[in-house]
Amino acid sequence: MTTLAFLGLGAMGDPMAAHLAPHARAHGHRVLVWNRTAAKAEAHARAHGTQAATLEEVAAADVIFTCLPTSAEVDEVMGRMRPHLRSGATWVDCTSGHPDAATRQAAELAARGVTFLDAPVSGGTVGAQQGRLTVMVGGDAAALETARPHLAFAGKVVHVGGTGAGFAVKAVNNALLGVTLWATGEGLAVLGRAGVNLGAALDVINASSGRSNASENLIPQRVLTREFPATFALGLLAKDAGIAVDLTQSVQGSAPVLAQVAALLRGAQRAVGAQEDHTAALKLIETMNGTELR
Ligand code: NDP
């Protein structure tokens, strides 16, 4: 019997782990879940027929999934699990992590016979609930083939390169989300000050070349409604943009727009709050312009 384990039942991990359960039932596997706050793992087990387990128990699984805030928390659990890991296992880290951490973690796990894949996801909490996440995978292609049948939460899986490439692509993707979100917010603030109706402006932009996910979905659904539902924390987006800046440095690249947006998001995180939804970053633009985006 193959044992799958999922660690980190947050906004993303909870619905992702839920998709493993019917897959496991259909194939005779079992799914163990672990969460720092144990009550969430117990609730997951009751709701989805998974099994709440200790760190020692999840460490002995054949395929270990993690979805934690940053690579630092992955390091923390990895350190505690190391003595109990099983040679031949695959560790699939769905955290939006750091490429440098992936290189180090892959080497540490390899010393214990465990293969590491960096496999961050995109698609948000709705994509996780629907089991339609995009997974960008860095690491050994053969290990991905071992893990692929178990990626029950995925709509699309792309092998993007060696260890760390998945985290690199994710960081750049989210830096681009930061750029479009921020720039669209700036543009709308200017239009608002000019007396233009923002709904009408978005109607035009979304039928024109300035459109993006920010203009089509995030801003109309979350900002103009003033709802800012907290599904993806501003602190996590700022973290991702920061990773894109680190990546720029490590390849001696030049990406001043990405660096600028990373600094703006860090400032917004301080001004607005790390736990607020990422779209609440636009509240800082509102303050800068003395106008509300509604
Ligand atoms: P959440 O904050 O909702 O969940 C974080 C999870 O990590 C919780 O299970 C939490 O446990 C656990 N955790 C936090 N600190 C520690 C620690 N020190 N040791 C062990 N466990 C810890 O985050 P998300 O689910 O939103 O994000 C998870 C990852 O997915 C991040 O890397 C994020 O960037 C990425 N992501 C998020 C998306 C989104 O839309 N939310 C979309 C795509 C990627 P506890 O319950 O005890 O607090």
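Looking at an unreviewed UniProt entry, one finds the chain named 3-hydroxyisobutyrate dehydrogenase, with Deinococcus actinosclerus as its source organism.

**As for the pairing of strand β5 (residues 90-93)**
Every second residue of β5 is oriented toward a common face, with Thr90 and Val92 on one face and Trp91 and Asp93 on the other, all of them buried. Where strand β4 (residues 63-66) meets β5, four bridges bridge the pair, whose relative direction is parallel. Opposite Thr66, over in β5, you have Asp93 as the bridge partner. Of the crossover connections in this fold, the one passing from β4 over helix α4 (residues 71-81) to the parallel β5 is right-handed. When β5 meets strand β6 (residues 115-118), the two strands line up parallel, connected through four bridges. Within β6, the position partnered with Trp91 by the bridge is Phe116. Chirality of the crossover, the property in question, places the unit of β5, helix α5 (residues 99-110) and β6 among those that are right-handed.

**Quick notes on the site of the ligand**
Taken together, 25 residues lie near the ligand, and Gly10, Ala11, Arg36, Thr37 and Phe232 sit nearest. Elements represented by at least two residues in the shell around the ligand include exactly α4, β7 (121-122) and α6 (124-130). Here the shell around the ligand takes three residues from α4, the largest share from any one element. When grouped by side-chain class, the residues that make up the shell around the ligand number ten nonpolar, eleven polar and four charged. For the shell around the ligand, the domains that each give at least three residues are domain 1 (3-162) and domain 2 (168-289).

**Notes on the UniProt feature "domain: 6-phosphogluconate dehydrogenase NADP-binding" (unreviewed entry) in the chain**
Taking the UniProt record as the reference, the feature "domain: 6-phosphogluconate dehydrogenase NADP-binding" (unreviewed entry) is found at residues 4-161. Along residues 4-161 one finds 43% helix and 25% strand; the C-alpha atoms at either end are 24 Å apart.

**Some points on the domain arrangement of the chain**
Considered domain by domain, the chain is made up of domain 1 (3-162) and domain 2 (168-289). Its C-alpha centre places domain 1 at a distance of 29 Å from the equivalent point of domain 2. At the interface, twelve residues of domain 1 touch 13 residues of domain 2. For the side of domain 1 that touches domain 2, the per-class residue count stands at six nonpolar, six polar and no charged.

What counts, and where the lines are drawn
Residues numbered from 1 in each chain as written. Predicted model: local features only at pLDDT ≥ 70, side-chain atom pairs only at ≥ 80, totals over all residues. Buried ≥ 20, exposed ≤ 12 C-beta atoms within 10 Å, placed from the backbone. Helix = DSSP H or I, 4+ residues; strand = E, 2+ residues; numbered from the N terminus. Pairing = 2+ DSSP bridges. Right-handed = clockwise from strand over helix to strand, strands pointing away. Near = placed C-beta within 6 Å. Nonpolar A, V, L, I, M, F, W, Y, C, P; charged D, E, K, R; others polar. Domains from an automatic or database assignment. UniProt positions renumbered as here; feature names shortened; annotations may be inferred. Contact = placed C-beta atoms within 7 Å.

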